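A closer look at the structure
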Amino acid sequence: MFKKFSPSTDIAGHTPVKTSVQRQIRAGVLSQWKIEPETLEAVWPKKEGLVHVKCREHVSVYTVNSEPLFFQHFDGPFYPTLRFLHKYPYILPKVQVDRGAIRFLLAGAHMMCPGLTSAGGWLPPVEDAIPAERLVAIHAEGKEHAVGLGITKLSTEDIKKVNKGVAVETATYLGDDLWPLKTL
Amino acid sequence: MGKKRAQSPPRTAAAEGEAGSSSQPAEPAKEPTPPVQVLYCQVCSFPLEYCEFGSSLTRCKEWLKEEHPDLYDKFYSEEALQAKIGTLSLEAQTKLEKDTAKKEAKAEAKADAALKKKMASQVTIKRIERTKRKHVTAIHGLEAFSIDLKKAAKQLAGRFATGASVTKNAQGLDEIVVQGDVADEVYEILEKGEGVLKGVPIANVDIVEDKKKKATE
């Protein structure tokens, strides 16, 4: 989503968000991520207005104090930014890719099934299976912090079974054009 | 980010109360989970462990060795390197290393070219005549030295107590237009590098005059 993104040309405008809409967004975020209301409050205090940064191709980035916190495509789920995810890694379920896949992920590729099912990869066990179309944090073999985040295209059980093709569609990754933007 | 810690006073009070008595009968005030502090590399901006995939590994290593020698050992000592290879075959590992080296060389060449271009780029201060006695000053080419034009315009406006704005010129490039004839003062500011207007080699600055009609002044 942010493979090619330059703030000067791709941003259409900044608008403060209405409080009623902010409430909706807050509720949405709380239901979609495993984050306590207190923690969210610490990062995004009620008094600090949310600013909607409209970008091309229906991508909206939401910022607090001009620091991007999360983004959205159309009316899709709210993706936290990678920096946010690094601070609160537990808010999303995790999957792990093997070492060989890191290189491709850092170039913006989607994650394929074999990278997740091989020895270095990790998928949650059957009882914690993640269904398709869910947000996941992509971790890497032998690394502590997430390297990207994306949306599952298959449920984790199907990934194990099919073992072919795209498993996780990468939304943002380390070193994409959103990464260097500490403020918007 | 600075205001992140600012919380409503009641909660802080509750938290203090909790800390004092350690057990509260009613539901204890929930504390926000503190964020994980991630140390980012100052060179490539990645978390330290991902430096090896960046395009400036050698410089990252140098930086880390200087700033955090203990962490350097953790990431780049012999056994760490051994452990890192993990499940990857030796062949794939060497390929990866080769790729990284290649990427690094490429990035370096790119940075060099960018620097050269930067050093060669010119800043022009142009005095444009509006009426017989009134002028505006247009400053062009500052963005090549990564100066925020808007901020620079604001600074100049404050300095000279006149209007200053960022406008597109005839070629469609951004330039700063300051009201009044301030070319020499702007030149001095650039020479001294006041405020945001720093990092411009003074040899690259040119003052030109743009006359409307032939015989003026």
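Each value, and the rule that gives it
Residues numbered from 1 in each chain as written. Chains lettered and ligands numbered in written order. Predicted model: local features only at pLDDT ≥ 70, side-chain atom pairs only at ≥ 80, totals over all residues. Heavy atoms only, no water. UniProt positions renumbered as here; feature names shortened; annotations may be inferred. Patch = residues over 30% accessible without salt bridge, like charges linked within 9 Å, V, L, I, M, F, W, Y side chains within 5 Å. Areas by Shrake-Rupley, 256 points an atom, 1.4 Å probe, with all protein chains shown as cover. Salt bridge = Lys/Arg side-chain N within 4 Å of Asp/Glu carboxyl O. Lys, Arg positive; Asp, Glu negative; His and termini not counted. Charge placed at Lys NZ, Arg CZ, Asp CG, Glu CD. Helix = DSSP H or I, 4+ residues; strand = E, 2+ residues; numbered from the N terminus. Buried < 20%, exposed > 50% of the residue type's maximum accessible area, 1.4 Å probe, protein only. Arc of directions from axis to C-beta. Contact = heavy atoms within 4.5 Å. Buried area = accessible area lost by both parts, 1.4 Å probe. Polar contact = N/O pair within 3.5 Å; in protein donor to acceptor, adjacent residues only side chain to side chain. Nonpolar A, V, L, I, M, F, W, Y, C, P; charged D, E, K, R; others polar.

Within an unreviewed UniProt entry, the label attached to chain B reads Translation machinery-associated protein 22, and the organism entered is Cyclocybe aegerita. Per UniProt, chain B has the following entry under Subunit (unreviewed entry): "Interacts with the 40S ribosomal subunit." In UniProt, chain B has this text filed under Subcellular location (unreviewed entry): "Cytoplasm".

Per an unreviewed UniProt entry, chain A is named Translation machinery-associated protein 20, and its organism is Cyclocybe aegerita. Among the UniProt annotations of chain A, the heading Function (unreviewed entry) holds the following wording: "Involved in translation." Taken directly from UniProt, the Subcellular location (unreviewed entry) text for chain A runs: "Cytoplasm".

Brief notes about a positive patch on the surface
Positive charge collects at one region of the surface, where K95, K98, K102, K106 and K110 of chain B lie side by side. As for its placement among the helices and strands, K110 of chain B is situated in helix α5 (residues 90–120).

Remarks on helix α2 (residues 57–67) of chain B
Residue and element names in this part refer to chain B. Turning to α2, its buried residues are L57, C60, W63 and L64. For α2, the arc enclosing every buried residue in end-on projection is 125 degrees, short of the 170-degree limit, so these residues lie on one face. Turned more than 90 degrees away from the buried face of α2 sit E62, K65 and E66, all of them exposed.

Observations concerning the interface of chain A and chain B
Each partner contributes residues to the interface: chain A has 33 residues there, and chain B has 30 residues. Interface area, chain A with chain B, both sides summed: about 2800 Å², of which 56% is carbon and sulfur. Three residues, E38, R99 and R103 of chain A, lead the burial of chain A against chain B; their summed loss comes to 25% of the area buried on that side. Where chain A packs against chain B, one counts zero salt bridges. Viewed at the interface, chain B and chain A are joined by seven residue pairs in polar contact (both at pLDDT 80 or more). Of all the secondary structure elements, the ones that give two or more residues to the side of chain A that touches chain B are α3 (37–43), α4 (82–87) and α5 (99–105) of chain A. Considered class by class, the residues forming the side of chain A that touches chain B number 14 nonpolar, seven polar and twelve charged.

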